[in-house]
Amino acid sequence: MSIASANEPVPAPWAVKAEAWWFVTSLGHKPEVGETLPISYFPSQEKHLYQASTEEEAFRGGRGSITLIRYTESPIGSFDELAIAPGEFTNPYEQQSHRVTRAYVSSLRAVVSGRNNWGLPRELAEFVFTPSLDHPTGTEVRVYPAISFSPIAYASSPCFAALIKPVSWLPAIPTSLAHYPQVKLCQPPLEASSEPSVDGLVGTTKWHLLDCSEARGHARPFRCEGLLPPLEEVPSSNAHTNKSASRKRMADGVGFSDVQPYTIGVHWTELSMTLPQAVPLAAL
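Residues numbered from 1 in each chain as written. Predicted model: local features only at pLDDT ≥ 70, side-chain atom pairs only at ≥ 80, totals over all residues. Heavy atoms only, no water.

### Regarding helix H3 (residues 108–118)
The element H3 is largely enclosed, with a buried count of nine among its eleven residues. Within the sequence span of H3, burial applies to Leu108, Ala110, Val111, Val112, Ser113, Gly114, Arg115, Asn117 and Trp118. At the N-terminal end of H3, a side-chain oxygen is found 3.2 Å from the backbone nitrogen of Arg109, two or three residues along, and the residue is Ser107. Phi turns positive, to about 70°, at Gly119, one or two residues after H3. (Buried < 20%, exposed > 50% of the residue type's maximum accessible area, 1.4 Å probe, protein only. Helix = DSSP H or I, 4+ residues; strand = E, 2+ residues; numbered from the N terminus. Polar contact = N/O pair within 3.5 Å; in protein donor to acceptor, adjacent residues only side chain to side chain.)

### Considering the state of the cysteines
One pass over the full model with this rule turns up zero disulfides. Cys224 provides the cysteine sulfur closest to Cys159, a residue in no disulfide bond, and the two sulfurs are 16 Å apart. The closest cysteine sulfur to the non-disulfide-bonded Cys186 is located on Cys212, 12 Å from its own sulfur. Judged by relative accessible area, Cys186 falls into the buried class, the value being 1%. (Disulfide = S-S within 2.5 Å.)

### With respect to the nonpolar core
Counting 36 residues, the largest nonpolar core has Trp14, Phe79, Val100 and Trp118 as the members making the most contacts within it. For this core, the secondary structure elements donating two or more residues are strand S1 (14–29), strand S2 (59–73), strand S3 (79–85), strand S6 (102–105), H3 and strand S15 (264–275). Setting aside anything within four residues of it in sequence, one finds Trp118 in contact with Ala12, Trp14, Ser113, Gln187, His208, Leu210, Leu275, Pro276, Gln277 and Ala278. Judged by nonpolar contacts, the second largest core, of 28 residues, contains Leu37, Phe89, Phe160 and Ala162. (Core = buried A, V, L, I, M, F, W, Y, C linked by side-chain atoms within 4.5 Å. Contact = heavy atoms within 4.5 Å.)

### Some remarks on the side chain of Glu81
Along the chain, Glu81 turns up in strand S3. A polar atom in the side chain of Glu81 sits 2.9 Å from the side chain of Tyr71. Ignoring anything within four residues of it in the chain, the contact list for Glu81 reads Thr67, Leu68, Ile69, Tyr71, Ala103, Tyr104, Val105, Arg122 and Phe127.

### Comments concerning the pairing of strand S8 (residues 139–149)
For strand S7 (residues 122–131) and S8, the ladder comprises seven bridges, and the chain directions are antiparallel. Within the sheet, the bridge partner assigned to Pro131 lies in S8 and is Thr139. Pairing of S8 with strand S10 (residues 160–166), which is carried by five bridges, proceeds in the antiparallel orientation. Residue pairing in the sheet places Val141 in a bridge with Ala162 of S10. Note: S8 against strand S9 (residues 152–154), three bridges, orientation antiparallel. Bridging across to S9, Phe149 finds its partner in Ile152. Where S8 folds back on S9, the antiparallel hairpin that results is connected by two residues. (Pairing = 2+ DSSP bridges.)

This is the structure in structure tokens:
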């Protein structure tokens with residue numbers, strides 16, 4: 001497939017099937033006055049997304065998550081995705097809604113389609129899943145962002161690396177997002193790169209509202225831990241600070257936000273959903 005054809009978006013709706021892991025980063029978080037999100041939560045080129053998400057009182061906290069998805073069926077075939085939604089945000093059109101602030105996918109066509117159809121700030125990356133040598137039932141996943149496109153090359157170090165371990169003694173039970181509150185995404189306009197036909201970073205001029213409540217399948221708990229080395233320790237008399245500094249990280253804090261999720265998450269062993277065409281709300 002040529003770069004030109006790879007960058008043609010496939011219109012929504014999309015019927016997809018997948019396996020997914022939901023890493024919980026916060027539950028009911030209430031931001032302090034003046035609290036905002038670090039720049040690592042955003043792609044460097046997405047100025048409007050960054051401004052809309054960090055202006056005064058834009059971030060409202062609530063439930064935050066990192067989602068790792070392995071799409072097994074979609075209109076463009078199989079691909080992988082890593083995305084972070086830190087919580088709820090204010091927006092000009094709806095009540096406060098969740099927002100994906102950074103996302104990687106393993107296919108250029110998924111980059112273009114996700115940006116064009118739903119306003120998702122997707123970028124290209126390589127995903128590597130390997131069986132863990134230390135944990136017989138565990139899987140290690142590493143995500144390497146693309147750093148050039150002619151030809152495509154990926155970073156030598158991952159921006160995200162995690163060990164995921166199933167809680168095998170608990171069965172997967174039928175689950176639906178229809179039972180969860182606030183499953184709408186409201187995505188700001190996106191910036192186009194200087195070469196969108198090469199890197200897939202097409203721009204959008206409108207906000208997009210996406211309802212994700214149709215997801216259903218089977219889910220059970222899983223355990224997770226980081227695989228990246230800890231930050232260089234700084235001597236401290238505070239034992240809690242020293243313990244946190246020595247903990248392995250899931251993300252590098254540059255290509256992906258270095259947020260520490262809970263050690264228990266939700267593993268969707270089977271996931272089916274229809275991604276509808278997002279509602280375009282207004283031009284810039």
